[in-house]
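What follows is each chain in one-letter form.
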Amino acid sequence: MKTEKIFIRVTKYEKLQLAQEAAKRGMTLSELIRSFIAKLPEPKSDGA
């Protein structure tokens, strides 16, 4: 279950890059960003 939120600031250019890549893959922006996060190594501890 997704319960956490992250707010980031990006430039218009970066947002356009993300939006176009998400559209190309048939994903939402959230799905695209989660797919990038999924490629990161497992965390060693809670660290939040």
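Remember, it's a predicted structure, so these values are computed and weren't measured experimentally.

### Comments concerning a nonpolar patch on the surface
Next, step 1: A grouping of Leu29, Ile33, Phe36, Ile37 and Leu40 is seen on the molecular surface, where their side chains present a nonpolar patch of about 420 Å² in accessible area.
Next, step 2: Within the fold, Leu29 resides in helix 2 (residues 29-38).

### Thoughts on the packing of helix 1 (residues 12-25) against helix 2
Next, step 1: Where helix 1 meets helix 2, the axes come as close as 9 Å, and the angle between the chain directions of the two elements is 90°. The pairing of helix 1 with helix 2 is recorded here as roughly perpendicular in orientation. Here Leu18, Ala19, Glu21, Ala22 and Arg25 of helix 1 lie close against helix 2, whose contacting residues are Leu29, Leu32, Ser35 and Phe36.
Next, step 2: In the contact of helix 1 with helix 2, the residues fall into 6 nonpolar, 1 polar and 2 charged.

### Section: the pattern of salt bridges
Next, step 1: Scanning the entire structure with this criterion turns up 2 salt bridges.
Next, step 2: Among the salt bridges present, the one from Glu21 reaches Lys24, with a minimum N-O distance of 3.4 Å. Here the residue Glu21 and the residue Lys24 both occupy positions in helix 1, the gap between them amounting to 3 residues, near one helical turn.
Next, step 3: The partly exposed category is assigned to Glu21, whose relative accessible area is 22%.
Next, step 4: Among the ionic pairs, Glu21 bridges to Arg25, the shortest N-O distance being 2.7 Å. Linking Glu21 with Arg25, this pair stays in helix 1, spanning 4 residues, or about one helical turn.
Next, step 5: Salt bridges linked by common partners bring Glu21, Lys24 and Arg25 together as one network.

Rules used in this analysis
Residues numbered from 1 in each chain as written. Predicted model: local features only at pLDDT ≥ 70, side-chain atom pairs only at ≥ 80, totals over all residues. Heavy atoms only, no water. Patch = residues over 30% accessible without salt bridge, like charges linked within 9 Å, V, L, I, M, F, W, Y side chains within 5 Å. Areas by Shrake-Rupley, 256 points an atom, 1.4 Å probe, with all protein chains shown as cover. Salt bridge = Lys/Arg side-chain N within 4 Å of Asp/Glu carboxyl O. Helix = DSSP H or I, 4+ residues; strand = E, 2+ residues; numbered from the N terminus. Axes fitted to C-alpha atoms, helices over the stretch in contact; angles between N-to-C directions. Parallel < 35°, antiparallel > 145°, perpendicular 65-115°, else oblique. Contact = heavy atoms within 4.5 Å. Nonpolar A, V, L, I, M, F, W, Y, C, P; charged D, E, K, R; others polar. Buried < 20%, exposed > 50% of the residue type's maximum accessible area, 1.4 Å probe, protein only.

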